[in-house]
Amino acid sequence: MTDIQNLIQHIKECNLSEDDKKKLISILEGQKPDINKFLHTLLNIMKVGKEVLKFYDIDIGDH
């Protein structure tokens, strides 16, 4: 099982809403998963603001 498949399995088993799970899984499925889009979507779901990320010097790219 690949890392992406493991991540998808963990998402399926987590306590996010079914809608949020579908969003994240759809980004990861396919030949070339969009990791930046996945991270951006995950952080939006978790409601982590850019200010918090900048405070910890984390750059996931601006979209």
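Above this text is the structure in question.
Overview of the structure. Everything quoted here is computed from the prediction, not taken from an experiment.

The next thing to look at is helix H3 (residues 35-45). Those residues of H3 that sit buried are Phe 38, Thr 41, Leu 43 and Ile 45. Looking at where H3 begins, the residue whose side-chain oxygen comes 3.4 Å from the main-chain nitrogen of Asn 36 is Asp 34. Positive phi shows up at Lys 47, right after H3, with a value of about 60 degrees.

The N-to-C vectors of helix H1 (residues 3-13) and helix H2 (residues 18-28) enclose an angle of 170 degrees; their axes lie 10 Å apart at closest approach. With respect to their mutual orientation, H1 and H2 come out roughly antiparallel. Here H1 contributes Ile 4, Leu 7, Ile 8, Ile 11 and Lys 12 to the contact with H2, which in turn contributes Lys 21, Leu 24, Ile 25 and Leu 28.

The next subject is a nonpolar patch on the surface. Residues Val 52, Phe 55, Tyr 56 and Ile 58 make up a contiguous nonpolar surface patch of roughly 460 Å² in combined accessible area. Here Tyr 56 shows up in the segment after helix H4 (50-55). Judged by its relative accessible area of 56%, Tyr 56 falls in the exposed class.

Turning next to the pattern of salt bridges. Summed over the entire model, instances satisfying the criterion amount to three salt bridges. One salt bridge connects Asp 19 with Lys 23, and the closest N-O pair in it is separated by 3.8 Å. Separated by four residues within a single helix, Asp 19 and Lys 23 lie in helix H2, roughly one turn from each other. Classification of Asp 19 by relative accessible area gives partly exposed; the value is 46%. Across the salt bridge formed by Asp 20 and Lys 23, the nearest N and O atoms sit 4.0 Å from each other. With Asp 20 and Lys 23 both in helix H2 and three residues apart, the pair spans about one turn of that helix. We classify Asp 20 as buried; its relative accessible area is 17%. Residue classification places Lys 23 among the partly exposed positions, given a relative accessible area of 40%. By sharing partners, the salt bridges in this structure join Asp 19, Asp 20 and Lys 23 into a single network.

So, how was this worked out
- Each chain carries its own residue numbering, running from 1 in the written order of its sequence.
- Two thresholds apply to this predicted model, a pLDDT of at least 70 for residue-level local features and 80 or more for giving and counting side-chain atom pairs, whereas whole-chain, interface and lining totals are computed over all residues.
- With hydrogens and water excluded, all non-hydrogen atoms of the structure serve as input to the side-chain values.
- Exposure categories follow from relative accessible area, calculated using a 1.4 Å probe and restricted to protein chains: below 20% of the type maximum is buried, above 50% is exposed, and the middle band is partly exposed.
- Here a helix means four or more residues in a row that DSSP labels H or I, a strand means two or more in a row labelled E, and each is numbered from the N terminus.
- Polar contact is defined as a pair of N or O atoms within 3.5 Å, subject to the rule that within protein one atom must be able to donate a hydrogen and the other to accept it, and that residues adjacent in sequence are counted only when both atoms are side-chain atoms.
- Here the axes come from fitting lines to C-alpha atoms, over the contacting stretch only for helices, and the angles between their N-to-C directions go from 0 to 180 degrees.
- Each angle gets one of four labels, with under 35 degrees taken as roughly parallel, over 145 as roughly antiparallel, 65 to 115 as roughly perpendicular, and the rest as oblique.
- Note on definitions: a residue-residue contact is assigned when non-hydrogen atoms from the two residues lie within 4.5 Å.
- Within the patch definition used here, like charges are joined within 9 Å and nonpolar side chains (Val, Leu, Ile, Met, Phe, Trp, Tyr) within 5 Å, considering only residues with over 30% relative accessible area and no salt bridge.
- Accessibility throughout is a Shrake-Rupley quantity obtained with a 1.4 Å probe, and a residue counts as covered only by protein chains that appear here.
- Counted as salt bridges are all cases of a side-chain nitrogen of Lys or Arg within 4 Å of a carboxyl oxygen of Asp or Glu.

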